[in-house]
Amino acid sequence: MAVNSGINYPPTMPLYADRIRHARVNESLWASPIPFMPFLVMTTVIFLIGLGSLYAINVRGWTLGTLSQPMTLILISVLPALMLVLVIILGPRASSPAYAYQVELFRDPDDARTRWNLAVVSTANIYCGEIAQSEWLSLLPDLAEKDRFRALDYIRLVMRRLQRFPLYTTPDIVGMVIGSLIIASSSLLAFQYEPVEAMLHAIALQVILQLFLLYVYLQRWQHVRRLREVEDIFEELLPSQRPPDELPPPTDEVEEWYKAQTQLKTPQQPTDPPRELPRAPWE
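Predicted, not measured: the structure shown is a model, and the values here were computed from it. (Residues numbered from 1 in each chain as written. Predicted model: local features only at pLDDT ≥ 70, side-chain atom pairs only at ≥ 80, totals over all residues. Heavy atoms only, no water.)

(A) Structural detail: the overall build of the chain. The helix and strand tally for the chain stands at nine helices and zero strands. The helix and strand sequence of the chain, counted from the amino end, reads α-α-α-α-α-α-α-α-α. Expressed as a percentage of its 283 residues, the buried residues of the chain come to 39%. Partitioning the intrachain contacts of the chain with sequence separation of at least 6 by distance along the chain shows that 74% fall at a separation of at least 24. Summed over its atoms, the accessible surface of the chain is roughly 17100 Å², and 61% of this surface lies on carbon and sulfur atoms. (Helix = DSSP H or I, 4+ residues; strand = E, 2+ residues; numbered from the N terminus. Buried < 20%, exposed > 50% of the residue type's maximum accessible area, 1.4 Å probe, protein only. Contact = heavy atoms within 4.5 Å. Areas by Shrake-Rupley, 256 points an atom, 1.4 Å probe, with all protein chains shown as cover.)

(B) Just the confidence of the model for the chain, in detail. On average, the chain scores 82 in pLDDT, and the residues at 70 or more come to 78%. The least confident element of the chain, judged by mean pLDDT, is helix α9 (residues 253-265) at 59; the most confident is helix α4 (residues 112-124) at 94. Predicted confidence for residues 1-6 stays below pLDDT 50, and this span has 16 contacts to residues more than four positions away or in other chains. (pLDDT = per-residue confidence, 0-100.)

(C) Summary view of the packing of helix α5 (residues 129-139) against helix α8 (residues 195-237). It is at 9 Å that the axes of α5 and α8 come closest, and there the two elements cross at 10 degrees. Judged by the inter-axis angle, α5 sits roughly parallel to α8. Of α8, the residues touching α5 (which contributes G129, E130, A132, Q133, W136 and L137) are H223, R226, L227, E229, V230, I233 and F234. Broken down by class, the residue content of the contact of α5 with α8 amounts to seven nonpolar, three polar and three charged. (Axes fitted to C-alpha atoms, helices over the stretch in contact; angles between N-to-C directions. Parallel < 35°, antiparallel > 145°, perpendicular 65-115°, else oblique. Nonpolar A, V, L, I, M, F, W, Y, C, P; charged D, E, K, R; others polar.)

(D) Structural view of the nonpolar core. Membership of the largest hydrophobic core comes to 35 residues, with the highest contact counts inside it found for Y9, M13, W136 and F234. Among the elements that line this core, the one with the most residues is helix α6 (residues 145-164), at eight residues. The contact partners of F234, leaving out residues within four places of it in the chain, are W136, L140, R148, A151, L152 and I155. (Core = buried A, V, L, I, M, F, W, Y, C linked by side-chain atoms within 4.5 Å.)

(E) A look at the packing of aromatic side chains. Inspection of the entire model under this criterion finds seven aromatic pairs. Note on Y9 and F165: the rings are 5.5 Å apart at their centroids and 80 degrees apart in plane angle, and the pair reads as edge-to-face. Of this pair, Y9 sits in the segment before α1 (36-60) while F165 sits in the loop between α6 and α7 (170-190); the two residues are 156 residues apart in sequence, bridging distant segments of the chain. Judged by its relative accessible area of 2%, Y9 is buried. The class for F165 is buried, based on a relative accessible area of 5%. Their ring planes at 90 degrees and their centres at 5.2 Å tell us that W116 and W136 sit as a pair that is edge-to-face. One end of the pair, W116, is in helix α4; the other, W136, is in helix α5, and 20 residues separate them in sequence. (Phe/Tyr/Trp six-rings, centres within 6.5 Å; stacked < 30°, edge-to-face > 60°.)

(F) Region of the structure containing α4. Between the first and last C-alpha of α4 there are 19 Å, a value that for 13 residues agrees with the 18 Å anticipated at 1.5 Å per step. A large share of α4 lies buried, amounting to eleven of its 13 residues. Listing the buried residues of α4 in full gives T114, R115, W116, N117, L118, A119, V120, V121, S122, T123 and A124. Contact partners of the buried residues in α4: α3 (98-107), α5, α6 and α8. For α4, the N-terminal cap is D111; the gap from its side-chain oxygen to the backbone nitrogen of R113 is 3.2 Å. (Expected span 1.5 Å × (residues − 1). Polar contact = N/O pair within 3.5 Å; in protein donor to acceptor, adjacent residues only side chain to side chain.)

(G) Molecular detail of unusual backbone geometry. You will see that Q192, though not glycine, has its phi angle at about 60 degrees, which is positive. Summarising the element assignment, Q192 is placed in the loop between α7 and α8. A relative accessible area of 57% places Q192 in the exposed class.

Okay, here's the thing in structure tokens:
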């Protein structure tokens, strides 16, 4: 996922290069492991297949194998919803970076560098908030002050960037409208449903998509909430001032981009040119 400036997620991760075990190509999916546009296309196709199957069962008496018509109808009605649920549950696991590091830690539980990398990548993945919490808390007692500041800066960077990313963009809205039009026109022309039924089918697709967006929003909010709890613990254990030899917090280019856009959008108040006032009669 990327913002309008083209800056990608996740931010630069402070990883130990010799302990990297995750697939780097999946990093762009960590803010949204199930991209919205592919989910929209998949949902629309499944919806069309389901409508076509219901039309074949109700109008043409089609049955699935030796099943009766009522059982076929129930099965066809349940399958699309089951497929979407499985995608939502299993999809994020395909891009999750935690499993490879957990396998490595199972072989060597005392490898602090692998545990650090696991905490870092879990912080960036919105489905690994619990793992990030437990790993940072297990690392915290043995971390030097410099590493604690580095971890705190990274956690704050991830939180700020996640809160800046939009849940959906203009192309997503256009895609939802096109999907609803496809469902409505197919219901009317191909499957010969009534206009009211076709409209209800389009609304049902929108409900499914909005529920998915709500699910993604809740996952992201829950992840930020867990990271904020870790941030509070780090802040309590660290001094309010950084040591003189400690590097300043890293700058966030996403935050700087938003500040620049805000300044560009702020209207400049026109200022009147200076002019000499007329002399008073008594002067």
